[in-house]
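Take a look at the letters that make up each chain.
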Amino acid sequence: MTRRSIGIIVNGVTGRMGYRQHLVRSLLAIREQGGLPLGDGTRIWPEPILVGRDETRLQAVAQRHGLTDWTTDLAAALARDDAEIYFDAQVTQQREKAIRQAIEAGKHIYTEKPLAESSAAALELVRAADAAGIRTGVVQDKLFLPGLRKLRRLIDGGFFGRILSIRGEFGYWVFEGDWQPAQRPSWNYRTEDGGGIVMDMFPHWQYVLEELFAPVRAVTCLAATHIPERVDEAGRPYPATADDAAYGIFELDGGIVAALNSSWATRVHRDELVEFHVDGTEGSAVAGLRRCRVQHRAVTPKPVWNPDLPATEDFRAQWTEVPDNEEFDNGFKVQWEAFLRHVVTGSPFAWDFLAGARGVQLAELGLRSAREGRRVEVPELSR
Ligand SMILES: NC(=O)c1ccc[n+]([C@@H]2O[C@H](COP(=O)([O-])OP(=O)(O)OC[C@H]3O[C@@H](n4cnc5c(N)ncnc54)[C@H](O)[C@@H]3O)[C@@H](O)[C@H]2O)c1
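Reading the values: the criteria
- Residues numbered from 1 in each chain as written.
- Predicted model: local features only at pLDDT ≥ 70, side-chain atom pairs only at ≥ 80, totals over all residues.
- Heavy atoms only, no water.
- UniProt positions renumbered as here; feature names shortened; annotations may be inferred.
- Helix = DSSP H or I, 4+ residues; strand = E, 2+ residues; numbered from the N terminus.
- Buried < 20%, exposed > 50% of the residue type's maximum accessible area, 1.4 Å probe, protein only.
- Near = heavy atom within 4 Å.
- Polar contact = N/O pair within 3.5 Å; in protein donor to acceptor, adjacent residues only side chain to side chain.
- Areas by Shrake-Rupley, 256 points an atom, 1.4 Å probe, with all protein chains shown as cover.
- Nonpolar A, V, L, I, M, F, W, Y, C, P; charged D, E, K, R; others polar.
- Contact = heavy atoms within 4.5 Å.
- Axes fitted to C-alpha atoms, helices over the stretch in contact; angles between N-to-C directions.
- Parallel < 35°, antiparallel > 145°, perpendicular 65-115°, else oblique.
- Pairing = 2+ DSSP bridges.
- Right-handed = clockwise from strand over helix to strand, strands pointing away.

Caption draft 1: Structural context of the UniProt feature "domain: Gfo/Idh/MocA-like oxidoreductase N-terminal" (unreviewed entry) in the protein chain. Those residues carrying the UniProt feature "domain: Gfo/Idh/MocA-like oxidoreductase N-terminal" (unreviewed entry) are residues 50-136 in this numbering. A helix fraction of 48% and a strand fraction of 17% characterise residues 50-136, whose end C-alpha atoms lie 20 Å from each other.

Structure follows, in structure tokens:
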């Protein structure tokens with residue numbers, strides 16, 4: 001067994017995503033399983049180099065996991081030959097600058113979404129990365145959720161016939177921060193700090209729609225700021241300048257219509273925090289983070305509209321659970337493994353900077369649609 005160590009700069013490791021999903025649930029989890037086997041007796045062994053702004057917090061993270069390699073000096077980390085990959089989970093606004101530095105240092109780059117704050121900036125990163133000949137990747141974790149994997153299986157197996165529409169509900173109540181602390185960082189609610197639910201969620205909707213169904217050709221979006229004032233981490237009230245809910249209609253190739261609501265100002269009366277309801281001529285499905293249920297044409301009941309009578313049917317009971325039939329690993333880890341293989345062996349990896357730029361483009365056009373109060377077409381993005 002040969003161990004192939006690979007130094008990975010993890011910037012933003014004290015943040016929600018950087019710490020939990022990427023460091024602990026992905027990179028350290030790969031080490032716990034003995035490394036990532038390549039099939040030829042070699043195992044990739046991630047060596048995280050923790051980068052952040054606050055020495056005390058970095059040291060605490062490192063100590064908690066028996067790690068020793070950490071620094072507040074990004075340039076010094078990028079100058080190291082043993083650091084082959086730069087990973088970015090910082091706040092969105094800091095990303096572009098750091099990625100540029102990493103491109104200049106010749107590192108392969110993996111990053112959280114959104115890739116940048118505008119599609120022009122994202123495309124510049126695509127081109128700079130191409131010119132430098134580096135390998136790139138953008139997190140598209142929702143594709144690896146068990147619920148969506150099962151949905152994908154249904155699509156691949158031809159369950160739906162012709163797919164007509166998708167209705168999606170994403171959201172939950174994010175506390176304002178006054179009498180109970182908010183469960184998301186306050187920058188999410190300030191446009192000037194790169195916040196807003198459109199910039200946060202539309203990049204996800206873009207790859208979910210395109211990969212599972214068809215490319216998005218037009219978007220109509222209404223963005224709202226339902227809660228205009230919130231209280232930050234230090235207990236100070238601040239004006240919430242960013243959108244905290246987005247009501248979007250997406251027109252896909254093949255006449256498929258997707259209506260997706262995203263909200264941090266709604267209370268959950270659903271089975272999961274995100275659910276997609278897909279209707280097709282042969283059958284329908286409701287897929288969430290973990291579960292997926294179906295109703296086939298052959299067993300579709302015939303409800304009759306009569307408001308004078310109480311509902312007698314248990315509509316939810318008329319759906320059948322799709323079995324797992326396999327074990328689903330953490331989605332972030334699955335994508336990390338694919339990226340590590342891509343870097344080390346050159347195996348295919350579809351979710352590169354250009355794929356990430358498409359997500360930024362959809363968010364940008366969604367915001368334009370909301371601002372101008374109109375439907376906006378989504379042009380093809382190319383290198
Ligand atoms: N894939 C997903 O499902 C998903 C979910 C949530 C967030 N994200 C993305 O991950 C990134 C981080 O989000 P998060 O929720 O972990 O945020 P967070 O606020 O919890 O963490 C942000 C990190 O950036 C660092 N940072 C660097 N410069 C900073 C600055 N000037 N101001 C504030 N923090 C700074 C912080 O120290 C911290 O480590 C965002 O780009 C977000 O879009 C992705």
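Caption draft 2: Highlighting unusual backbone geometry. Of note, the bond from Lys113 into Pro114 is cis; its omega dihedral lies within 30 degrees of zero at -15 degrees. Inspection of the secondary structure puts Pro114 in the loop between β6 (108-111) and α5 (119-132). Its identity is not glycine, yet Asn325 carries a phi of approximately 60 degrees, on the positive side. Look at Asn325 and you get exposed, because its relative accessible area is 66%.

Caption draft 3: Local environment of the site of the ligand. Near the ligand, the surroundings consist of 23 residues, among which Thr14, Thr92, Arg95, Asp141 and Trp187 are the closest. Within the backbone of Gly12, a nitrogen or oxygen atom sits 3.3 Å from an oxygen atom of the ligand. Within the backbone of Arg16, a nitrogen or oxygen atom sits 2.9 Å from an oxygen atom of the ligand. In the complex, the protein chains occlude 84% of the 840 Å² of accessible area that the ligand would expose alone. Of all the secondary-structure elements, those providing two or more residues to the shell around the ligand are α1 (16-32), α4 (92-104) and α7 (197-212). Counting residues per element, the shell around the ligand draws most heavily on α4, which supplies three residues. Here the residues of the shell around the ligand sort into eight nonpolar, seven polar and eight charged.

Caption draft 4: Focus on the side chain of Thr92. For Thr92, the location among the structural elements is in helix α4. Judged by its relative accessible area of 7%, Thr92 is buried. Apart from residues lying up to four places away in sequence, Thr92 is in contact with Pro114, Glu117, Trp187 and Gly194.

Caption draft 5: Examining the packing of α5 against helix α9 (residues 353-372) more closely. The contact between α5 and α9 brings their axes to 8 Å, and the two run at 170 degrees. In terms of orientation, α5 and α9 fall into the roughly antiparallel class. In this structure, α5 uses Ser119, Ala122, Leu123, Leu125, Val126 and Ala129 to contact α9, whose residues at the interface are Phe353, Leu354, Ala357, Val360, Gln361 and Glu364.

Caption draft 6: Quick peek at the pairing of β6. Across the two faces of β6 the burial is the same, with His108 and Tyr110 and Ile109 and Thr111 all buried. In the sheet, strand β5 (residues 83-88) pairs with β6 via four bridges, with the strands oriented parallel. When the bridges of β6 are listed, Ile85 appears paired with His108. Looking at chain direction, β6 and strand β7 (residues 136-138) are connected through three bridges and run parallel. From the neighbouring strand, Thr111 faces β7, where its bridge partner is Val138. Traced from β6 through α5 to β7, the parallel crossover comes out right-handed.

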